[in-house]
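Here are the chains, one letter per residue:
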Amino acid sequence: MVDYVSSLGTHVGDVGGFQFHAFPTLEQLSSVSEQQLRDAGFGYRAKYIIGTVNALRSKPGGGEEWLRSLRKLGLQDVISALSTLPGVGPKVAACVALFSLDQHHAVPVDTHVWRIATKYLLPELAGSQLTPKLCDRVAEAFVTKYGKYAGWAQTLLFIAELPSQKALLPSHLWTNKQHNLAKIEDGEEEVE
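For every chain, the first residue of the written sequence is number 1, and numbering continues from 1 onward in sequence order. Selection of residues for local features in this predicted model requires a pLDDT of at least 70, selection of side-chain atom pairs for listing and counting requires 80 or more, and totals for whole chains, interfaces and linings are taken over all residues. Calculated side-chain values reflect all of the structure's heavy atoms, with hydrogen atoms and water omitted.

Draft legend 1. Main features of the overall build of the chain. When you go through the chain residue by residue, the secondary structure sums to twelve helices and two strands. Strands here mean DSSP runs of E at least two residues long; helices mean DSSP runs of H or I at least four residues long; both are numbered from the N terminus. For the chain, the N- to C-terminal ordering of α and β elements is α-β-β-α-α-α-α-α-α-α-α-α-α-α. Just to be clear, the radius of gyration here is over C-alpha atoms, and the globule rule we use is 2.2 Å times residues to the power 0.38. Over its C-alpha atoms the chain spans a radius of gyration of 20 Å, topping by over 25% the 16 Å that the globule rule assigns to 192 residues. In terms of overall dimensions, the chain has C-alpha extents of about 65 × 45 × 30 Å along its principal axes. Throughout, exposure labels follow a simple rule: accessible area from a 1.4 Å probe, protein chains only, divided by the maximum for the residue type, with under 20% read as buried, over 50% as exposed, and the rest as partly exposed. Counting over 192 residues, the chain shows a buried share of 30%.

Shown next as structure tokens:
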């Protein structure tokens, strides 16, 4: 999906056999149909992408100007503004705020981040259902712990929990549980 969207942007060069493109403009994105996005693997998101592109293009001064203006706002105002776009809820809005609008303390909360939070920051909430109110509490806990770069700290913790990334860790950084699982896989008995 990322390759498809990036290929819509202007080609900026090749490095090591890889092509690089600028992120597509709204004009470039507007040339894509919902069906093309579905064929590229976007599924149900395709209609929201088309709707958001159209909504942004209809903004006074154009969507790019409107998006840039959000950098001047506080995080909650940014999330509220972005949530007016089709298919954009608090999590996606927090992602955009973090990755594109200089809101380094924005913490996109989903079930994966919830598990990280209950493991490291809010263990007393383990077993609770994730609600909008608890999403706010999780974000606040990350900001309290990691400060103005809480969103990036959350991103690193999220990536570190991915099985594909854990597999890259040198064994001396594994937890005891990971060492025990590796021993079991090698045919040894588990050691407590």
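Moving on from the coordinates now.
Draft legend 2. Expanded view of the pairing of strand E2 (residues 18-21). Pairing between strands is defined by DSSP: at least two bridges between the two strands are required. Relative to E2, strand E1 (residues 11-15) runs antiparallel, the two being bridged by four bridges. Of the residues in E2, the one forming a bridge with Val15 is Phe18. Hairpin connection from E1 to E2: two residues lie between these consecutive antiparallel strands, with Gly16 at a positive phi of about 55 degrees.

Draft legend 3. Representation of unusual backbone geometry in the model. The phi angle at Asp102 is positive, at roughly 65 degrees, despite the residue not being glycine. Relative to the elements of secondary structure, Asp102 occurs in the loop between helix H7 (90-100) and helix H8 (111-120).

Draft legend 4. Examining the environment of His112 more closely. In this structure, His112 sits in helix H8. Remark: the alpha-carbon pair of His112 and Ser80, spanning 32 residues in sequence, is separated by 23 Å. Whenever two N or O atoms come within 3.5 Å, that pair is a polar contact, provided that in protein one can donate a hydrogen and the other can accept it, and provided that, for residues adjacent in sequence, both atoms are side-chain atoms. In this structure the side chain of His112 is engaged in a polar contact, spanning 3.0 Å, whose partner is the side chain of Arg115.

Draft legend 5. Broad picture of the pattern of salt bridges. Basic side-chain nitrogens of Lys or Arg form a salt bridge, by our definition, when they fall within 4 Å of a carboxyl oxygen of Asp or Glu. Applying the stated criterion across every chain yields a total of six salt bridges. A salt bridge links Arg71 to Asp102, with the shortest nitrogen-to-oxygen separation between them at 2.9 Å. Placement of the pair is Arg71 in the loop between helix H5 (63-69) and helix H6 (75-82) and Asp102 in the loop between H7 and H8, with a sequence separation of 31 residues. Using a relative accessible area of 41% as the deciding quantity, one classes Arg71 as partly exposed. The shortest N-O distance in the salt bridge between Lys119 and Glu161 comes to 3.6 Å. With a gap of 42 residues between them, Lys119 in helix H8 and Glu161 in helix H10 (residues 150-161) connect regions that are remote in the sequence.

Draft legend 6. View of the state of the cysteines. Throughout, a disulfide means two cysteine sulfur atoms within 2.5 Å of one another. Enumeration over the complete set of coordinates arrives at zero disulfides. Cysteine Cys95 is unpaired, with the sulfur of Cys135 as its nearest cysteine sulfur at 12 Å.

Draft legend 7. The arrangement of the nonpolar core in detail. Judged by nonpolar contacts, the single largest core of 19 residues is most densely connected at Trp66, Leu70, Val78, Leu82 and Leu85. Elements supplying a minimum of two residues to this core: helix H2 (26-29), helix H4 (45-57), H6 and H7. Residues count as neighbours in contact if any of their non-hydrogen atoms are within 4.5 Å of one another. Among all residues touching Leu70, those that are not within four sequence positions of it are Val78, Ala81, Leu82 and Leu101. Ranked by size, the runner-up nonpolar core spans 16 residues in total, among them Val109, Ile116, Leu121 and Leu122. Put simply, a nonpolar core is a bunch of buried Ala, Val, Leu, Ile, Met, Phe, Trp, Tyr and Cys residues held in one set by side-chain atoms that sit within 4.5 Å of each other.

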